[in-house]
Amino acid sequence: MTGQHHVEIDTSRPHPARMYDWYLGGKDNYPVDEEMGRQMLALDPRVPVMARVNRAFMHRATRWLAGQGVRQFLDVGTGIPTEPNLHQVAQRIAPDARVVYCDNDPIVLAHAAALLRGTPEGATEYLQADVRDPDAILEGARKVLDLARPVALSLVALLHFVSDEDGAHDLVGRLMSELPSGSHLVVTHATADFTPEESRAATEKLKAAGVTLALRSREQFARFFDGLDLVEPGIEVPHQWHPELGEPVPGQEDGIIPGYGAVARKP
Ligand SMILES: C[S@@+](CC[C@H](N)C(=O)[O-])C[C@H]1O[C@@H](n2cnc3c(N)ncnc32)[C@H](O)[C@@H]1O
């Protein structure tokens, strides 16, 4: 796909992609997103720091992968473009990197043109698809990526929007099952392990507004990597995963970041 897209945007309820954009200081959000964002901040004023820490994890993980020789990336739950985007991070190290982005929110589709400005020797593509339909994602990805060669699948701050009833663990297994040995899985995920009270309140508020938040424990997070080899340092709070590969986010050390991040390799 190319160019700017005209799509129907539902501004009657908050959307995760637009709330996240608001936390990051972006302009692609609506009053309903800001309102819910402010309610989240009232529960925990560190939410914008968490969003930046998460984004910085994605940058470092992508740098690490490109440094390991990975040249193909499949990023599901991409979000509204925020520079640098994954392809920019990867292609700075490896100009020939090929990147497929995917999100189910039409607002991301509307801004996808910014995700498609890559290097001439690499490639980027955008798919409008839902992670709960992994076969549609694999079919679209195949048009740009060679699934016989290693791929890094990133599901960054995505899976806590997918419930167990919707098969969160199975869909990760399905996506990884079609990728060859040497592929990697990159995940960050929110948890209630550190701040149970605030997390419960946030989950309830979001549920009332129609947004699923499936917070998971460390053990439930670890299950996404079943059958894979976690790379050093294993499961960490996101800002403590290879901090040497990027700049610290201001405020990241001032309290708990209630999330986990990890990267694993398919043997
Ligand atoms: C918090 S944002 C994270 C954006 C980006 N991955 C990052 O970490 O900077 C979560 C994204 O997941 C997308 N998302 C939520 N549920 C999804 C689903 N079922 N399928 C595909 N994308 C989904 C949202 O639209 C949103 O863009």
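Predicted model, so just to flag it, every value in this text is computed and none were measured. (Residues numbered from 1 in each chain as written. Predicted model: local features only at pLDDT ≥ 70, side-chain atom pairs only at ≥ 80, totals over all residues. Heavy atoms only, no water.)

Caption draft 1: Here's a closer look at the environment of Trp-22. Here Trp-22 shows up in helix α1 (residues 16–23). The spatial distance from the C-alpha of Trp-22 to the C-alpha of Gly-37 is 7.3 Å, given a sequence separation of 15 residues. Non-local contacts of Trp-22, meaning those with residues more than four positions away in its chain, are made with Asn-29, Glu-34, Gly-37, Arg-38 and Leu-41. (Helix = DSSP H or I, 4+ residues; strand = E, 2+ residues; numbered from the N terminus. Contact = heavy atoms within 4.5 Å.)

Caption draft 2: Just the site of the ligand, in detail. Around the ligand there are 18 residues in total, and Tyr-20, Asn-54, Arg-55, Gly-77 and Asp-103 lie nearest to it. At 3.0 Å, a backbone N or O of Val-131 approaches a nitrogen atom of the ligand. Between a nitrogen atom of the ligand and a main-chain N or O atom of Val-156, the distance comes to 2.8 Å. Within the complex, 95% of the 600 Å² of free accessible area of the ligand lies under protein. Of all elements in the fold, only α1 and α3 (47–67) reach the threshold of two or more residues within the shell around the ligand. The residue makeup of the shell around the ligand, split by class, is eight nonpolar, five polar and five charged. (Near = heavy atom within 4 Å. Polar contact = N/O pair within 3.5 Å; in protein donor to acceptor, adjacent residues only side chain to side chain. Areas by Shrake-Rupley, 256 points an atom, 1.4 Å probe, with all protein chains shown as cover. Nonpolar A, V, L, I, M, F, W, Y, C, P; charged D, E, K, R; others polar.)

Caption draft 3: Quick look at the nonpolar core. With 36 residues, the main nonpolar core has Leu-74, Val-76, Leu-153, Leu-185 and Phe-225 as its most contacted residues. For this core, the secondary structure elements donating two or more residues are β1 (72–76), β2 (98–103), β3 (123–128), α6 (134–141), β4 (152–156), α7 (168–177), β5 (184–190) and β7 (259–265). Dropping the residues within four chain positions of it, Leu-185 is found in contact with Leu-153, Leu-155, Val-172, Met-176, Phe-224, Phe-225, Leu-228, Ala-262, Val-263 and Ala-264. Listed in part, the 27 residues of the second largest apolar core include Val-70, Val-99, Ile-107 and Tyr-126. (Core = buried A, V, L, I, M, F, W, Y, C linked by side-chain atoms within 4.5 Å. Buried < 20%, exposed > 50% of the residue type's maximum accessible area, 1.4 Å probe, protein only.)

Caption draft 4: Region of the structure containing the packing of α6 against α7. Viewed as axis vectors pointing N to C, α6 and α7 meet at an angle of 25 degrees, and their least axial separation amounts to 9 Å. On the basis of their axis angle, the class for α6 and α7 is roughly parallel. Both α6 and α7 take part in a crossing whose hand is right-handed. Residues Pro-134, Asp-135, Ile-137 and Leu-138 of α6 form the contact with α7, whose own contacting residues are Leu-171, Arg-174 and Leu-175. For the contact of α6 with α7, the per-class residue count stands at five nonpolar, no polar and two charged. (Axes fitted to C-alpha atoms, helices over the stretch in contact; angles between N-to-C directions. Parallel < 35°, antiparallel > 145°, perpendicular 65-115°, else oblique. Left-handed = near helix turned anticlockwise from the far one by under 90°.)

Caption draft 5: The pattern of salt bridges, seen in detail. One pass over the full model with this rule turns up twelve salt bridges. For Arg-216, the salt bridge is made with Asp-164, and the minimal N-O distance between the two is 2.9 Å. Placement of Arg-216 in the loop between α8 (196–208) and α9 (218–222) and of Asp-164 in the loop between β4 and α7 is noted, with a sequence separation of 52 residues between them. Overall, Arg-216 belongs to the buried group, its relative accessible area being 2%. (Salt bridge = Lys/Arg side-chain N within 4 Å of Asp/Glu carboxyl O.)

Caption draft 6: Representation of the side chain of Ser-163 in the model. Looking at the element boundaries, Ser-163 is found in the loop between β4 and α7. Ser-163 gets classed as buried once you look at its relative accessible area, which sits at 11%. Other than its neighbours up to four places away in sequence, Ser-163 contacts Ala-168, Thr-212, Ala-214 and Arg-216.

Caption draft 7: Representation of empty space enclosed by the protein in the model. In this structure the tally under the stated criterion is one cavity of 30 Å³ or more. Considering only enclosed or pocket space, the largest cavity measures out at about 40 Å³ in volume. What lines the largest cavity is simply Met-58, Ala-61, Thr-62, Leu-65, Phe-73, Leu-86, Ala-152, Ser-154 and Val-186. When contributions to the lining of the largest cavity are tallied by element, the ones reaching two or more residues are α3 and β4. A total of four residues in the lining of the largest cavity trace back to one element, the largest contributor, which is α3. Counted by class, the lining of the largest cavity contains seven nonpolar, two polar and no charged residues. (1 Å grid on protein atoms, 1.4 Å probe; cavity = no way out; pocket = protein on both sides within 12 Å on 5 of 7 lines; lining within 4 Å. Points joined across faces, edges and corners; volume = space filled by probe spheres on them.)

Caption draft 8: Broad picture of unusual backbone geometry. In the segment running from Glu-83 into Pro-84, the intervening peptide bond is cis, with an omega of -10 degrees. By secondary structure assignment, the location of Pro-84 is in the loop between β1 and α4 (86–93). In this chain, Glu-232 is followed by Pro-233 through a cis amide linkage whose omega measures 5 degrees. Look at Ala-157: it is not a glycine, yet its phi comes out positive at around 55 degrees. Along the chain, Ala-157 falls in the loop between β4 and α7. With phi around 40 degrees, His-242 is a residue other than glycine that occupies positive phi space. Positionally, His-242 belongs in the loop between β6 (229–230) and β7.

Caption draft 9: Representation of the packing of helix α2 (residues 31–43) against α8 within the structure. Contact geometry for α2 and α8: axes closest at 10 Å, N-to-C directions at 165 degrees. On the basis of the axis angle, α2 is roughly antiparallel to α8. Considering how the two elements wind past one another, α2 and α8 form a crossing that is right-handed. Facing α2, whose interface residues are Met-36, Gln-39, Met-40 and Leu-43, α8 presents Glu-198, Ala-201, Ala-202, Lys-205 and Leu-206. Grouping the constituent residues of the contact of α2 with α8 by class yields six nonpolar, one polar and two charged.

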